[in-house]
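# Inside the fold
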Amino acid sequence: MSSPSSSNTRLLPRALMAPAIGTLFLWMIVPLCMTIYFSLVNYNLMQPGEKTFAGLDNFTYFITDPDFWPAVWNTLVLIGSVIGITVVLGVLLGLLVNDPFPGRGIVRVLLISPFFVMPAVNALLWKHMMMNPNYGVLADLWRNFGLTPVDWLTDWPLLSVIIMVAWQWLPFACLIFITSLQSLDREQMEAARMDGSNAFQRFFYLTVPHLARPMAVVIMIEMIFLLSIFAEIFITTSGGPGNASTNMTFLIYKQSLMNFDVGVASAGALFAVIFANIVSFFLVRMVGKNLD
Amino acid sequence: MNTVAQQNPVVSSPTQFAVQKPPSQFLPVALRTAGAWIVALLLFFPLGWLFLTAFKTEQQAISVPPLFLFAPTLENFHEVNSRSDYLLHAMNSLITSLGSTILGLAIAAPAAYSMAFFRTKKTRDILLWMLSTKMMPAVGALLPIYVMAQTAGMLDSVSALIIVFTLSNLPIMVWMLYTSYKDIPPEILEAARMDGATLWKEFRHVVLPLSVGGMASTGLLCLVLSWNEAFWSLNLVAAKAGTLATLIASYSSPEGLFWAKLSAASLLAIAPIVIFGWFSQKQLVQGLTFGAVK
């Protein structure tokens, strides 16, 4: 801004930002402080009474829980697979519907629909109508090919959750890529074609670099939402069988609202915060420069 | 598409050239059309199946092989309506979604405005910090928020959900609005300011008209996210302020195979937002670039 810097122009930007920053700061710091306090005391909802100082017992308990490392691993696998699937398929689908063809409007509406479905319905729909080993549509498909129907939620619990979540997020990735492809320089493309490049060369040297920014955006946003995947697991597998589909969110949930152990759950929550910060540290380095 | 260019060798302007012959095509039209339709129908199939199942009897819903043709019945919808108060849940969903969207826009717009038009070195850090609050899993804040809501007597209340939804959507909203405001040339604001426009007038008559697409798109995304939110709804509210997400979760308990009723309830829960999404998708997509499109 080239306007003269009176006290007004310095105060105003801060005043405008204050409500957002203030509320978000409270939203972050108050729960964080309470969580830190809870994590240091013995506090079980089923055992009312004095909250005694527990030191680091809750942390030790949480991290030595046999479900801890599987949960970390499952979280990473879930996020990685869903992002991989949605980015790759999203780009391919985006290219497929980028140029006009009969019924493009309807195809777009059909493609985008899963994004509007609430996770709870998504989970129930796949759990019962699609993946049920006896009456599900997939079971029938398998039988048609002479195969034994798969008991998805029992035999492939994490894969089942990945399929559901990817189904939900593919439209989102696809939409962002479609929008971005619209701004791809067609003359540059044409020039490359004239110069004798083939479709693959044009894809890898022109389209992919053009999509780097939208890819960063898709990864960033999906990461934010996938770190806290809950409903799909809660409704379908409840983290099981065993801990096969338990992610961090669900493990902490299990400690707090199923075991009623606030202390351990809070220690777990702090781990989740640290975990999210590690993930976001790398993420921000990767896509941060694309935010300006 | 080569033939088109050969038949029309006279190309008057580059733009006309681009319109007539999009050169980014990798496949012939017939193949692309078929491919796109097949993929779209496959992806849509689960939803279509939900729709069909909602109109079946319970017997038909679990028939082997699955039924595509049957005499539709409305019985499931009557059943769902008598068993649970659909209208109450739908109303709660509507109020919480709209409320958090309006409140969110009111808080996010000034912040995004400030970040876009009074940029400093810290702007990017502030934005990243906001996004990082969103990255902390909600479950980490569940107990404290639960205890606070309990202390404030706001458990099972619509206002608690509005506050929580607003705060959890706020970082994304600020980011979206920021990218849409950033496209406005600062010179225009400068000119308005020279003419003595107040801040509100400048926002109302310059920024708002130029960023109406971005604002609408931000609001739409927030509406969809709030409507579909499940974690906080499942944990903070119950009978009184329950949203459609909690209604659906109540059908998830293992009480036998009532797929038709489950489908009817699900259909009722998602129909408003899906249909709304169909009509607003073009608008939504326009602002959903997060600055990814230059």
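These numbers come from a predicted model, not from an experiment.

## Digging into the overall build of chain A
Each helix and strand counted, chain A has 14 helices and 2 strands in total. Reported as C-alpha extents along the three principal axes, the dimensions of chain A are approximately 80 × 80 × 30 Å. In chain A, buried positions account for 47% of the 292 residues. Taking contacts inside chain A between residues at least 6 apart in sequence as the whole, the part at least 24 apart equals 70%.

## Examining the overall build of chain B
Check the secondary structure of chain B and you find 15 helices and 0 strands. Within chain B, the proportion of its 294 residues that are buried is 46%. Within chain B, residue pairs in contact and separated by at least 24 positions form 79% of the contacts whose partners lie at least 6 positions apart.

## Considerations on the interface of chain A and chain B
Listed as interface residues are 85 residues of chain A and, on the opposing side, 85 residues of chain B. Broken down by element, the residue count for the side of chain A that touches chain B peaks at 14 residues, all from helix H1 (residues 7-39) of chain A.

## Some thoughts on the confidence of the model for chain A
Here chain A shows a mean pLDDT of 83. Residues at 70 or above account for 94%. Confidence drops under a pLDDT of 50 for residues 1-5 of chain A, and excluding neighbours within four residues, the segment shows 4 contacts in the predicted structure.

## Let's talk about the domain arrangement of chain B
Residue and element names in this part refer to chain B. Taken domain by domain, chain B comprises domain 1 (28-73) and domain 2 (83-287). Computed over C-alpha atoms only, the centres of domain 1 and domain 2 are separated by 32 Å. Secondary-structure elements contributing two or more residues to the side of domain 1 that touches domain 2 are helix H3 (29-54) and helix H4 (58-61). With 4 residues, the top contributor of residues to the side of domain 1 that touches domain 2 is H3. Here the residues of the side of domain 1 that touches domain 2 sort into 5 nonpolar, 2 polar and 2 charged.

## A few points about the nonpolar core
Residues Ala120(A), Ala108(B), Ala112(B), Val174(B), Leu177(B) and Ile248(B) are the most contacted members of the largest nonpolar core, which totals 172 residues. In terms of residue count, helix H8 (residues 157-182) of chain A provides more of this core than any other element does, 17 residues in total. Taken domain by domain, this core gets at least three of its residues from each of domain 1 (28-73) and domain 2 (83-287) of chain B. Not counting residues up to four positions away in its chain, the partners in contact with Ala112(B) are Val174(B), Leu177(B), Tyr178(B) and Tyr181(B).

## Some points on the packing of helix H9 (residues 158-182) of chain B against helix H12 (residues 212-228) of chain B
All names here are of chain B. Across the interface, H9 lies against H12 with an axial gap of 10 Å and an inter-helix angle of 155°. With respect to each other, H9 and H12 are oriented roughly antiparallel. Note on packing geometry: the crossing formed by H9 with H12 is right-handed. Packed against H9, whose contacting residues are Phe-165, Asn-169, Met-173, Met-176, Leu-177 and Ser-180, the element H12 presents Gly-214, Met-215, Ser-217, Thr-218, Leu-221, Cys-222, Leu-225 and Ser-226 at the interface. Of the residues belonging to the contact of H9 with H12, the class tally is 8 nonpolar, 6 polar and no charged.

## Digging into the confidence of the model for chain B
Close inspection of predicted coordinates is inappropriate for parts of the model with low pLDDT. All names here are of chain B. Predicted confidence across chain B gives a mean pLDDT of 81, with 87% of residues reaching 70 or more. Mean pLDDT per element in chain B: helix H1 (residues 2-7) is the minimum at 41, and helix H6 (residues 86-117) is the maximum at 91. Low confidence marks residues 1-24, where pLDDT is under 50. Its contacts with residues over four positions away, or in another chain, come to 22 contacts. Reported for the predicted complex are a pTM of 0.84 and an ipTM of 0.84.

## Things to note about helix H5 (residues 119-130) of chain A
Most of H5(A) sits out of view: 12 of its 12 residues are buried. Among the residues of H5(A), Pro119(A), Ala120(A), Val121(A), Asn122(A), Ala123(A), Leu124(A), Leu125(A), Trp126(A), Lys127(A), His128(A), Met129(A) and Met130(A) are the ones counted as buried.

Criteria and cut-off values
Residues numbered from 1 in each chain as written. Chains lettered and ligands numbered in written order. Predicted model: local features only at pLDDT ≥ 70, side-chain atom pairs only at ≥ 80, totals over all residues. Helix = DSSP H or I, 4+ residues; strand = E, 2+ residues; numbered from the N terminus. Buried ≥ 20, exposed ≤ 12 C-beta atoms within 10 Å, placed from the backbone. Contact = placed C-beta atoms within 7 Å. pLDDT = per-residue confidence, 0-100. Domains from an automatic or database assignment. Nonpolar A, V, L, I, M, F, W, Y, C, P; charged D, E, K, R; others polar. Core = buried A, V, L, I, M, F, W, Y, C linked by C-beta atoms within 7 Å. Axes fitted to C-alpha atoms, helices over the stretch in contact; angles between N-to-C directions. Parallel < 35°, antiparallel > 145°, perpendicular 65-115°, else oblique. Left-handed = near helix turned anticlockwise from the far one by under 90°.

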